[in-house]
Protein chains: 2
Amino acid sequence: MDPLDIIGNLHKVKPVYQPVVSAIRHKIIGYEVLGRFRQGEENWCSLKNFFHDGDVPEEFKVDVDQHLLKLAISEMLDSKRTGFLFINRTANELLFNNGEDLLETLLYYKEKGFSLNRVVLEVTEHDFEERFEELNHLLLYYKTYGIQIAIDHIGVKSSNIDRIRQLEPHILKIDTKMIRDHNREGFQDVMFSLSMLAQRIGAALLFENIEDDFQLHFAWKHGGRFYQGFYLAKPEFQMRSNDYLTLNTRDKINSYIQREKNLIEQRLSFVLFWEQKVKELLPKWDGAKKVDPFIELVTEKFDQESFRMFVCNGDGLQISSNFRKRDEIWEPEPHKKGSNWAFRPYFLENVMQMKTWNKGRLSDIYSDIETKDMIRTFSYPLTGQYFLFIDIPYTFIYENECLLI
Amino acid sequence: MDPLDIIGNLHKVKPVYQPVVSAIRHKIIGYEVLGRFRQGEENWCSLKNFFHDGDVPEEFKVDVDQHLLKLAISEMLDSKRTGFLFINRTANELLFNNGEDLLETLLYYKEKGFSLNRVVLEVTEHDFEERFEELNHLLLYYKTYGIQIAIDHIGVKSSNIDRIRQLEPHILKIDTKMIRDHNREGFQDVMFSLSMLAQRIGAALLFENIEDDFQLHFAWKHGGRFYQGFYLAKPEFQMRSNDYLTLNTRDKINSYIQREKNLIEQRLSFVLFWEQKVKELLPKWDGAKKVDPFIELVTEKFDQESFRMFVCNGDGLQISSNFRKRDEIWEPEPHKKGSNWAFRPYFLENVMQMKTWNKGRLSDIYSDIETKDMIRTFSYPLTGQYFLFIDIPYTFIYENECLLI
């Protein structure tokens, strides 16, 4: 496509709208605007290449941006549609003419009744690398008008924690394609960190390019508040209503909820079962001085489920040897006595909770520094002073889906 | 300093050793090697500028690297010192001669009894940007020999989650200077995300440049396993032993532990107090159909502590209005009924835990998507089916340190 052909024939440029669906209300809460150009009679092609082409002057791109935006807002106003309008801008498009074109247009439509807080501006953090401060200021300025900011392509290029935080976006947009392209386990680590970051900075997660049930499930499971992709709805020249969604999102999400509850229930059963096993041994607890012989009894009971265990006091000080299973034999490692584990995130919190409620607890899944394997730790208060830690190896976790998640 | 002067006078180049202290054993577990050059009689100056100067040929730098490394390992062998040796290399220094110089030297000393798993190679992720794949392969190769990898300057430039994960480092090294330079709240978000990432990938956190008690406390609190900085020990020509540490790390960390336990205890008292307050209202619970009038009673009891509350069922479906305090008046927002919150991280887990143990729970601190304020949520099982969520505003959190952490 010749850029001049496009810019000289704006009447052949039209927006398509891809619905964005909410996990909270199970319905469409807005539309992302994408551009199409008519070639020949009824052949509409994407404007992606036009926008990504570094040789096309920014001025051309901004003209097409503006044209699409005007059509989209007019359409929303005419059809009295509610919800958000998601629009994409590169750093260069934004900085052209100091970002005034976009704001002027939006203010014009504000007069006509289109509130600026319905606009979600999608930008790519990576794209900001060079003129970060300048762009950050521009976005701050936009925000004062109520415009919302989404950071696009999060997860691969754009996963610089510090810069994401500085931009204080309303939405982090994650490309679900990455689940397909990436080594899955690694990507889950990235997703976990991103969803924790999102919680800390108060940003909602939007998963785009969802193409099948597995990906929708993944998005839901990782805290996705908004969903977008062919699996839910294709981009179309009309802004489709909820009735038109092929997928019954409510039913789908409900099935994920039931599945998740089921898994959590199974996980809690493990905790109750393990609690019971330790409780049965409690009469044999004979004080801190005889802690190692006591742990030997525990190793017999947890030979299946564990590969390592030890006892700490309420200050995080390890008062026993490590017991470590090697080649099916449990061996004490006395030199580990005297280690202090209180610096670990949630360690003291966990201990105090055990003490207060007199209940066992199962940690989240995490990677063991020593073995680099994914493990969990089951802990139990032997007394108000001494706490037993039983590490569950990946081999056991892997065999029980409810421990894997 | 003239680089030629340095390279021509290697006998004037000597290593200094900065101790690295462990939170687990409260003692020195290794030394970082830094370079010094003698100018005049007894004036030793840092080689930082030499190593950071882009005009100095890599060959020169590698020569100085090698010289320092040999002296350091010999010193460790001669003095029979145990522990790790932390060494720094830039991407360019590593790629010079395919990284063979470093490996050859290490293998030479391996023969003399210096095990390769005592070497921690510090690299900067950001520095890898251009030849990431090539460098990642080289590090993988090094790892097969047992060499450990630390990623340096984590937090500002190097906070690309995805690349950090791909490098699978043993250690993430965080510059504590950032606590001083940065907006503190923002940096805590970054630290939180990094410590969660570290847990997921099994990397230990090392905090460097610790200069005072506040920073050591910060490092300990954020999961720091290793500490380095003037507050603990300065770099010196001798490898100092534990007796030489000016700071009694054990006592220091113990005081942090007692302080933390105290705060957690206060936090748990809040939970018990709030539980009690809800329990007193339970006789007035009259089923899901009359949920809104019940919440009105709760708002009276939690007028001090809360700004928003609602009730969900076990599937995450909100069955009540939102009750929202505006200008000291509690107002119901009926349109929020029917929202589903099960997609939120830990939501269903939290509900199932409440149901199983019949206990209230207090969330971690997080940023509210609506207000962007940092808040917590106290939740309580009204029955086995219905769960009350009480949001605690930042104003209340701020007044109670135990809720802030």
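Each chain has its residues counted from 1, running along the sequence as written. Note on labels: chains are lettered from A, ligands numbered from 1, in written order. Confidence filtering applies because this is a predicted model: local features only for residues at pLDDT of at least 70, side-chain atom pairs given and counted only at 80 or more, and all residues used for totals across whole chains, interfaces and linings. For the side-chain quantities, the full set of heavy atoms in the structure was used; hydrogens and water were omitted.

S.K.: Give a detailed account of the overall build of chain A, specifying residues and quantitative values.
M.R.: Along chain A, the regular secondary structure elements total 15 helices and 16 strands. Judged by the C-alpha coordinates and their principal axes, chain A covers about 85 × 45 × 40 Å. Relative accessibility thresholds used throughout: buried, under 20% of the residue-type maximum; exposed, over 50%; partly exposed, between the two (1.4 Å probe, protein chains only). Split into buried and exposed, the 405 residues of chain A put 57% on the buried side. Contact definition: two residues touch when any of their heavy atoms are within 4.5 Å. Relative to all contacts within chain A whose residues are 6 or more apart in sequence, the contacts with residues 24 or more apart total 62%. Note that accessible areas follow from Shrake-Rupley with a 1.4 Å probe, and for residues the cover is restricted to the protein chains shown. As presented, chain A carries roughly 17500 Å² of accessible surface, and 47% of it is formed by carbon and sulfur atoms. One finds the centroid of the 52 positive side-chain charges in chain A at a distance of 6 Å from the centroid of its 62 negative side-chain charges. Counting from the N terminus, the helices are DSSP H or I runs at least four residues long and the strands are E runs at least two residues long. By the counting scheme adopted, Arg and Lys are positive, Glu and Asp are negative, and His together with the chain ends is not counted. For charged residues, the charge sits on one atom: NZ in Lys, CZ in Arg, CG in Asp, CD in Glu.

S.K.: Which residues make up the packing of aromatic side chains, and what are the values?
M.R.: Each pair of aromatic rings taken from Phe, Tyr and Trp, with Trp reduced to its six-membered ring, is defined by centres within 6.5 Å and is described as stacked if the planes are under 30 degrees apart, edge-to-face if over 60, and tilted in the remaining cases. In the structure shown here, the tally under the stated rule is 34 aromatic pairs over all chains. Centroid distance Tyr141 of chain A to Tyr145 of chain A: 5.5 Å. Interplanar angle 90 degrees. Geometry classified as edge-to-face. A relative accessible area of 35% means that Tyr141 of chain A is categorised as partly exposed. Judged by centre distance (6.5 Å) and plane angle (80 degrees), the rings of Phe207 of chain B and Phe218 of chain B are edge-to-face. Residue Phe207 of chain B is located in strand β8 (residues 204-208), and its partner Phe218 of chain B is located in helix α10 (residues 213-221); the two are separated by eleven residues in the primary sequence. Classification of Phe218 of chain B by relative accessible area gives buried; the value is 4%. Three or more aromatic residues joined by ring pairs form one cluster here, namely Phe310, Trp341, Phe343, Phe347 and Phe389 of chain A.

S.K.: Run through helix α3 (residues 58-78) of chain B, naming residues and quoting values.
M.R.: Residues and elements named next belong to chain B. In a regular helix each residue adds 1.5 Å, so 21 residues correspond to 30 Å; α3 covers 30 Å between its end C-alpha atoms and thus fits that length. Of the residues making up α3, those classed as buried are Lys61, Val62, Val64, Asp65, Gln66, His67, Leu68, Leu69, Ala72, Ile73 and Met76. Lys80 sits one or two positions beyond α3 and adopts a positive phi of about 55 degrees. To estimate the expected span of a helix, subtract one from its residue number and multiply by 1.5 Å.

S.K.: Run through the relation of the copies chain A and chain B, naming residues and quoting values.
M.R.: A least-squares fit on C-alpha atoms brings the copies together, and the residues used are those whose pLDDT is at least 70 in both copies. Superposing chain A onto chain B takes a rotation of 180 degrees plus a shift of 0.0 Å along the axis, which leaves an RMSD of 0.0 Å. Both chain copies can therefore be described as sitting about a two-fold axis. When C-alpha positions in chain A are compared against the rotation axis, the closest is assigned to Asn160 of chain A, at 2.1 Å.

S.K.: Outline the packing of α3 of chain B against helix α5 (residues 100-111) of chain B, supporting the account with residue identities and numerical values.
M.R.: Residue and element names in this part refer to chain B. The interhelical angle for the contact between α3 and α5, taken along N-to-C directions, is 15 degrees, at an axis separation of 11 Å. Comparing their axes, α5 and α3 come out roughly parallel. As α3 runs across α5, the sense of the crossing is right-handed. Side by side, α3 and α5 meet where Val62, Gln66, Leu69, Lys70, Ile73, Ser74 and Leu77 of the first sit next to Asp101, Leu102, Thr105, Leu106 and Tyr109 of the second. Charged means Asp, Glu, Lys or Arg here, nonpolar means Ala, Val, Leu, Ile, Met, Phe, Trp, Tyr, Cys or Pro, and polar covers whatever is left, Gly included. Of the residues belonging to the contact of α3 with α5, the class tally is seven nonpolar, three polar and two charged. For helices, the fitted line uses only the C-alpha atoms of the stretch in contact; every axis is such a line through C-alpha atoms, and the angle between N-to-C directions lies from 0 to 180 degrees. For classification purposes, an angle smaller than 35 degrees is called roughly parallel, one larger than 145 roughly antiparallel, one from 65 to 115 roughly perpendicular, and anything else oblique. Should the near helix be turned counterclockwise from the far one by less than a right angle, the crossing is left-handed, whereas a clockwise turn marks it as right-handed.

S.K.: Summarise the interface of chain A and chain B; cite the residues concerned and give the values.
M.R.: When the parts come together, some accessible area is lost, and that loss is often what is quoted as the size of the interface. With 78 residues of chain A at the interface, the matching set in chain B holds 79 residues. A simple way to read buried area is as the amount of 1.4 Å-probe accessible surface that goes missing from two parts once joined, with both sides added. Taken together, both faces of the contact between chain A and chain B bury some 7100 Å²; the carbon and sulfur share is 59%. Each salt bridge in this description consists of a side-chain nitrogen of Lys or Arg and a carboxyl oxygen of Asp or Glu lying within 4 Å of one another. Connecting chain A to chain B are six salt bridges. For the salt bridge of Asp189 of chain A with Arg200 of chain B, the shortest nitrogen-to-oxygen distance reads 3.0 Å. Pairs of N or O atoms within 3.5 Å make up the polar contacts considered here, provided that, within protein, one atom can donate a hydrogen while the other can accept it, and that residues adjacent in sequence are counted only when both atoms are side-chain atoms. Where chain A touches chain B, the interface holds 27 residue pairs in polar contact (both at pLDDT 80 or more). Sorting the residues of the side of chain A that touches chain B by element identifies α7 (161-167), α9 (184-201), β9 (224-227), α11 (249-281), α13 (347-357) and β14 (366-367) of chain A as the ones contributing at least two each. Broken down by element, the side of chain A that touches chain B gets its largest block of residues, 13 residues, from α9 of chain A.

S.K.: Can you lay out the domain arrangement of chain A for me, pointing to particular residues and giving the numbers?
M.R.: How far each domain reaches was decided by an automatic or database domain assignment. With domains assigned, chain A is organised as domain 1 (3-247) and domain 2 (266-403). The straight-line distance from the C-alpha centre of domain 1 of chain A to that of domain 2 of chain A is 47 Å.

S.K.: Give a detailed account of unusual backbone geometry, specifying residues and quantitative values.
M.R.: Residue and element names in this part refer to chain B. At Asp327, a position not held by glycine, the phi torsion is positive, near 50 degrees. Along the polypeptide, Asp327 turns up in the loop between β11 (322-326) and β12 (329-333). Judged by relative accessible area, Asp327 falls into the exposed class, the value being 74%. Phi angles above zero are rare outside glycine, and Lys372 is one such case at about 65 degrees. Take Lys372: it is sitting in the loop between β14 (366-367) and β15 (374-381).

S.K.: So, the pattern of salt bridges: which residues are in play, and what are the values?
M.R.: Residue and element names in this part refer to chain A. Applying the stated criterion across every chain, the model contains 46 salt bridges over all chains. A salt bridge links Lys173 to Glu32, with the nearest nitrogen and oxygen atoms 2.7 Å apart. Here the residue Lys173 occupies a position in strand β7 (residues 171-175), and Glu32 occupies one in strand β2 (residues 28-39), the gap between them amounting to 141 residues. Each member of the pair, Lys173 together with Glu32, is buried. Across the salt bridge formed by Asp391 and Arg308, the nearest N and O atoms sit 2.7 Å from each other. Here Arg308 lies in strand β10 (residues 308-313) and Asp391 lies in strand β16 (residues 386-392), a separation of 83 residues in the sequence. Taking relative accessible area as the criterion, Arg308 reaches 6% and is therefore assigned buried. Three or more residues joined by partner-sharing salt bridges are found here, namely Arg308, Arg324, Asp368, Glu370 and Asp391.

S.K.: Please set out the pairing of β7 of chain A residue by residue, giving values where relevant.
M.R.: Residues and elements named next belong to chain A. With five of its five residues buried, β7 lies for the most part within the structure. Residues Ile171, Lys173 and Asp175 of β7 are buried on one face, and the alternating residues Leu172 and Ile174, pointing to the opposite face, are buried as well. In this scheme, strands are said to pair when DSSP sees at least two bridges between them. Bridge count between strand β6 (residues 148-154) and β7: three bridges; the pairing is parallel. Across the sheet, the residue bridging to Ala150 is Ile171, located in β7. With five bridges connecting them, β7 and strand β8 (residues 204-208) associate as parallel partners. Bridge assignment links Lys173 to a residue of β8, and that residue is Leu206.

S.K.: Lay out the pairing of strand β6 (residues 148-154) of chain B with the relevant residues and their values.
M.R.: Remark: a regular strand shows side chains that alternate across the two faces of the sheet. All names here are of chain B. Taking burial as the measure, the seven residues of β6 include six buried ones, the bulk of the element. Summarising the sheet, strand β5 (residues 119-124) and β6 pair through five bridges and their orientation is parallel. From the neighbouring strand, Glu122 faces β6, where its bridge partner is Ala150. With its strands directed away from the observer, a crossover is right-handed exactly when the path from the first strand over the helix to the second travels clockwise. As for the winding sense of the linkage, the β-α-β connection from β5 through helix α6 (residues 132-144) to β6 is right-handed.

S.K.: Any chance you could break down the packing of helix α11 (residues 249-281) of chain B against helix α12 (residues 291-301) of chain B for me, citing the residues and the numbers?
M.R.: Residues and elements named next belong to chain B. At a minimum axis distance of 10 Å, the contact between α11 and α12 shows a crossing angle of 140 degrees. Here α12 runs oblique to α11, going by the angle between their axes. Where α11 crosses over α12, the handedness of that crossing is right-handed. Across from Lys277, Glu280 and Leu281 in α11, the residues of α12 making contact are Phe294, Leu297, Val298 and Lys301. By residue class, the composition of the contact of α11 with α12 is four nonpolar, no polar and three charged.

S.K.: How would you sum up the confidence of the model for chain A? Please name residues and give values.
M.R.: Summary statistics for chain A give a mean pLDDT of 93 and a share of 97% for residues scoring 70 or more. Scoring of the predicted complex yields 0.92 for pTM and 0.93 for ipTM. The predictor reports its confidence for every residue as pLDDT, a score running from 0 up to 100.

S.K.: Which residues make up the nonpolar core, and what are the values?
M.R.: Definition of nonpolar core: a set of buried residues of the types Ala, Val, Leu, Ile, Met, Phe, Trp, Tyr and Cys, connected through side-chain atoms within 4.5 Å. Ranked by size, the top nonpolar core spans 185 residues in total, and within it Leu94, Leu121 and Tyr227 of chain A together with Leu121 and Tyr227 of chain B carry the most contacts. If near-sequence neighbours (up to four positions away) are discounted, Tyr227 of chain A is found in contact with Pro19, Val20, Val21, Ala23, Phe207, Ile210, Leu216, Ala219, Trp220, Leu232 and Ile253 of chain A together with Phe343 of chain B.

S.K.: So what about the environment of Gln266 of chain A? Which residues, and what values?
M.R.: Residues and elements named next belong to chain A. Topologically, Gln266 is positioned in helix α11. Taking the relative accessible area as the measure of exposure, Gln266 reaches 38% and is therefore partly exposed. Considered as a pair, Gln266 and Lys27 are 239 residues apart in the sequence and their alpha carbons are 31 Å apart.

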